[in-house]
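# What the coordinates show
Here is what each chain is made of, one letter per residue.
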Amino acid sequence: MARTARIILLILLCVSSANADTLRVISLYPGHSENIFALGGGDMLSAVSENDDNNFMPSLPRISLRSGAERILALRPDVVVTRSFAVRLNPNLYDVLERSGVNVVVLDPPSWEDFPSYLKALAETLNLDPEYALSRLEDIRAGIEARVREKSGSYRPRVFLEATSRELHTCSPDSWAARLIELAGGINIASEAKPLRSGSAVASWGVERVIGNKDKIDVYIIQTGAMNNSGIQDFHAREWSRALDGVKVVEIPEKYLSRPSLLGLEYGGNELLKIFWGE
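These remarks concern the structure in this document.

Rules of the game
- Residues numbered from 1 in each chain as written.
- Predicted model: local features only at pLDDT ≥ 70, side-chain atom pairs only at ≥ 80, totals over all residues.
- Heavy atoms only, no water.
- Core = buried A, V, L, I, M, F, W, Y, C linked by side-chain atoms within 4.5 Å.
- Buried < 20%, exposed > 50% of the residue type's maximum accessible area, 1.4 Å probe, protein only.
- Helix = DSSP H or I, 4+ residues; strand = E, 2+ residues; numbered from the N terminus.
- Phe/Tyr/Trp six-rings, centres within 6.5 Å; stacked < 30°, edge-to-face > 60°.

Ranked by size, the top nonpolar core spans 49 residues in total, and within it V25, L126, I221, L272 and F276 carry the most contacts. Per-element tally for this core: the top contributor is helix α12 (residues 262-277), with seven residues. Counting residues in each nonpolar core, the second largest holds 16 residues, with A193, V210, L244 and V249 among its members.

Moving on: unusual backbone geometry. Backbone geometry places M57, a non-glycine residue, at a positive phi of 45 degrees. Along the polypeptide, M57 turns up in the loop between β2 (45-49) and β3 (62-63). Positive phi, normally seen in glycine, also occurs at R76, with a value near 55 degrees. With respect to the helices and strands, the residue R76 is situated in the loop between α3 (69-73) and β4 (79-82). Overall, R76 belongs to the exposed group, its relative accessible area being 57%.

Our focus in this paragraph is the packing of aromatic side chains. Going through the model one piece at a time under the given rule, you end up with 10 aromatic pairs. Taken together, a centroid distance of 4.9 Å and an interplanar angle of 80 degrees make the contact between F115 and W176 edge-to-face. Residue F115 is located in helix α6 (residues 115-125), and its partner W176 is located in helix α8 (residues 176-183); the two are separated by 61 residues in the primary sequence. Grouping residues by exposure puts F115 and W176 together as buried. Both rings, one in Y155 and one in W277, keep their centres 5.8 Å apart while their planes meet at 90 degrees; by these two values the pair is edge-to-face. Linking Y155 in the loop between α7 (130-152) and β6 (158-162) with W277 in helix α12, this pair joins segments that are 122 residues apart in sequence.

In structure tokens, the structure reads:
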């Protein structure tokens, strides 16, 4: 009995120690939330932002970017991961959190090139494995590339992405969406588009240039979400859309095309493969 009691005590001490090492994390940007989950840190999350998808860990509390410190401190977080936009929106919140002993980590959504270093920084901040983070990214990208090689041959679909219907903006050539389209084997016909401002993911294009390049478009993608509430029905209601008869028109949620996330990369890449290659 004494030996059994010692074994049970040892197990309880190990469990207690493991729980003590588990950080309580609040994520205030959907991309951070998805990446933490993808890196095996889902059990760390004690709350996410109100902008996270409803079906993402639905049992967790949702936090407004304008919440007061009391709302967040009541959840007893060790770390709050956010972005600079949220800090500018509610600067006093983060001052109070830091004075209360909460580690506030500000990571902005990364570019395509900076995504590996972002994942490494996120993993290290939360005591997750940075090498696993980089390996997971490489595996997803390599998997998409391999499927493109199997399917494409000498053909690559020519693609136009509608980022916003207003003034018909497209994606900037170096944006996450443009790079994901390229990874999935597509050719961005608006590769010469100029960003609205330095670093912007959105670029000017316009209806006239779409119509002028109609013979170069195989697939017209409508990115739907906060930036663009138009869909396929709205597209076909536009008088000029008749000029694109014969072009394949599809819609994809913005979160799968433009959110720097391992989950978005995998799902968005797979959706583009289906669209481009009929998988």
